[in-house]
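# Residue-level structural notes
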Amino acid sequence: MHKDDILKELEAIVPKEIIKIDEPLKRYTYTETGGQADYYVSPTQNEHVQSIVHYAYTNDIPVTYLGNGSNIIIREGGIRGIVISLLSLDYIDVSDDAIISGSGAAIIDVSRTARDRALTGLEFACGIPGSIGGAVFMNAGAYGGEVKDCIDYALCVNDKGELITLTNKDLELDYRNSIVQKEHLVVLEAAFTLMPGNKQAIQEKMDDLTERRESKQPLEYPSCGSVFQRPPGHFAGKLIQDAELQGHRIGGVEVSKKHAGFMVNVDNGSATDYEDLIHYVQKVVKEKFDVELHREVRIIGEHPNDN
């Protein structure tokens, strides 16, 4: 189907002002890398997402979802088809001990809302730079807490544009994994059931976690967050540190000197630099310690030479 035809058909089902063509995706990633999206759409209603997904399914057009781009690398070749940004679905509603949030809301903001209402259970998320949708997608966690501990349900859309409500159990939340990943679903909304707490105690815990995070993580540079999953019986950062890889650079991307589990964009690095450095670190750690490092960060899009 011709590009102009797809544009006209998209404009017939959602407001034209939420559609962009050939949009540079590096504007939306924490690594500040990424090629163009053929169509970049920013729905403001759940029904928009359903309509776009149903249209794409019917016409065999690929769909990619983006949250706030904090734990993802998009290759320079960009993404074909339709990219749906969920950031405009950013509402946060509170009712008694429950918080219901749109998938585009920052999980940091949801944790702060919980604090303001003296609700405990989301303190661990006070420094996670991701959206609610992304947090559910990968069962985000930090400092001993994870989404699995407090989520009640998630409202999702399948690849046909149909709504599905999944309970905590249905979500099959595991270490950095969920049914959302396995079934290629997209989260539109999530509800969290929390416990009444002491606002001052909640704030003190969040302050402590924030201080620990800021002292250890290289927040001063663009990065994709924690690069690798924790290998059984090991810590990825310690293995990389022991392999003397801190400061190792490929192109403009290097293994952080502050925290070996991070890779930072120090000099106009590219997605290819990130990918090459990831492969190099995996190779060296395997050779030195016989431990396989598996990525936590997602890498999507096409290589530059694929176009």
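Keep in mind the model is a prediction, meaning the values are calculated, not measured.

Calculation criteria
Residues numbered from 1 in each chain as written. Predicted model: local features only at pLDDT ≥ 70, side-chain atom pairs only at ≥ 80, totals over all residues. Heavy atoms only, no water. Helix = DSSP H or I, 4+ residues; strand = E, 2+ residues; numbered from the N terminus. Rg over C-alpha atoms; globule rule 2.2 N^0.38 Å. Buried < 20%, exposed > 50% of the residue type's maximum accessible area, 1.4 Å probe, protein only. Contact = heavy atoms within 4.5 Å. Areas by Shrake-Rupley, 256 points an atom, 1.4 Å probe, with all protein chains shown as cover. Lys, Arg positive; Asp, Glu negative; His and termini not counted. Charge placed at Lys NZ, Arg CZ, Asp CG, Glu CD. Axes fitted to C-alpha atoms, helices over the stretch in contact; angles between N-to-C directions. Parallel < 35°, antiparallel > 145°, perpendicular 65-115°, else oblique. pLDDT = per-residue confidence, 0-100. Salt bridge = Lys/Arg side-chain N within 4 Å of Asp/Glu carboxyl O. Left-handed = near helix turned anticlockwise from the far one by under 90°. Core = buried A, V, L, I, M, F, W, Y, C linked by side-chain atoms within 4.5 Å.

## Considerations on the overall build of the protein
Summing up its helical and strand segments, the protein has eight helices and 19 strands in all. The C-alpha atoms of the protein give 20 Å as radius of gyration, which agrees with the globular expectation for 307 residues (19 Å, within 12%). With respect to the principal axes defined by its C-alpha atoms, the protein has extents near 55 × 55 × 30 Å. Taking all 307 residues of the protein together, the buried fraction comes to 51%. The contacts in the protein between residues at least 6 apart in sequence include a share of 63% that link residues at least 24 apart. If you sum the accessible surface of the protein, you get close to 14400 Å²; carbon and sulfur atoms cover 46% of it. When the 31 positive and 48 negative side-chain charges of the protein are each reduced to one mean point, those points stand 4 Å apart.

## Details of the packing of helix 3 (residues 107–116) against helix 6 (residues 199–216)
It is the contact of helix 3 with helix 6, at a shortest axis distance of 9 Å, that shows an interaxial angle of 150°. With respect to their mutual orientation, helix 3 and helix 6 come out roughly antiparallel. Residue-level inspection shows Ser111, Arg112, Arg115 and Asp116 of helix 3 in contact with helix 6, the latter providing Lys199, Ile202, Gln203 and Met206.

## Some details on the confidence of the model for the protein
Residues with a pLDDT of 70 or more make up 99% of the protein, whose mean pLDDT is 95. Mean pLDDT values over the elements of the protein span from 90, in strand 15 (residues 223–226), up to 98, in strand 16 (residues 249–250).

## Comments concerning the pattern of salt bridges
Two side chains carrying opposite charge are able to pair once their charged atoms lie near each other. Scanning the entire structure with this criterion turns up 17 salt bridges. The partner of glutamate 23 in a salt bridge is arginine 27, and the shortest N-O contact between them spans 3.0 Å. Here glutamate 23 falls in the buried class, since its relative accessible area comes to 6%. According to the relative accessible area criterion, arginine 27 is exposed, its value standing at 58%.

## Some points on helix 3
Since one α-helical turn is 3.6 residues long, residues separated by three or four positions face the same way. Of all ten residues making up helix 3, seven are buried, and the element is well covered by its neighbours. Among all positions of helix 3, only Ile107, Ile108, Val110, Ser111, Thr113, Ala114 and Arg115 are buried. Among the structural elements, strand 6 (92–95), strand 7 (98–102), strand 8 (119–120), helix 4 (132–137) and helix 6 are those in contact with the buried residues of helix 3. One or two positions beyond helix 3, positive phi appears at alanine 118, with a value near 55°.

## Here we look at unusual backbone geometry
The phi torsion at alanine 118 lies on the positive side, around 55°, for a residue other than glycine. Under the relative-accessibility criterion, alanine 118 is labelled partly exposed at 22%.

## Considerations on the environment of phenylalanine 228
In this fold, phenylalanine 228 is placed in the loop between strand 15 and helix 7 (236–242). Distance from phenylalanine 228 to glutamine 282, taken between C-alpha atoms, is 9.4 Å for residues 54 residues apart in sequence.

## Structural notes on the packing of helix 1 (residues 3–13) against helix 2 (residues 46–58)
Between helix 1 and helix 2, the least distance of the axes is 10 Å, while the angle of their chain directions is 145°. You can see that helix 1 and helix 2 cross each other, and the crossing is right-handed. On helix 2, the residues that touch Ile6, Glu9, Leu10 and Ile13 of helix 1 are Ser51, Ile52 and Tyr55.

## Some words on the environment of proline 24
In this fold, proline 24 is placed in strand 1 (residues 19–24). The partly exposed category is assigned to proline 24, whose relative accessible area is 21%. Spatially, the C-alpha atom of proline 24 lies 9.5 Å from that of glutamate 76, the residues being 52 residues apart in sequence. Residues contacting proline 24, with those up to four places away along its chain left out, are Gly35 and Gln36.

## Points about the nonpolar core
Nonpolar side chains in soluble globular proteins tend to end up buried together. Core analysis: the biggest nonpolar cluster contains 32 residues, and Leu122, Val136, Ile151, Leu171, Val180 and Phe192 have the highest contact counts within it. Elements with a contribution of two residues or more to this core: helix 3, helix 4, strand 11 (151–157), helix 5 (179–182) and strand 13 (186–193). Sort the elements by how many residues they give to this core and helix 4 lands first, with four residues. For isoleucine 151, the contacting residues outside a window of four places in its chain are Val136, Asn168, Leu171, Leu173, Ala190, Ala191 and Phe192. Counting residues in hydrophobic clusters, the runner-up holds 24 residues, among them Cys224, Val227, Ala236 and Tyr274.

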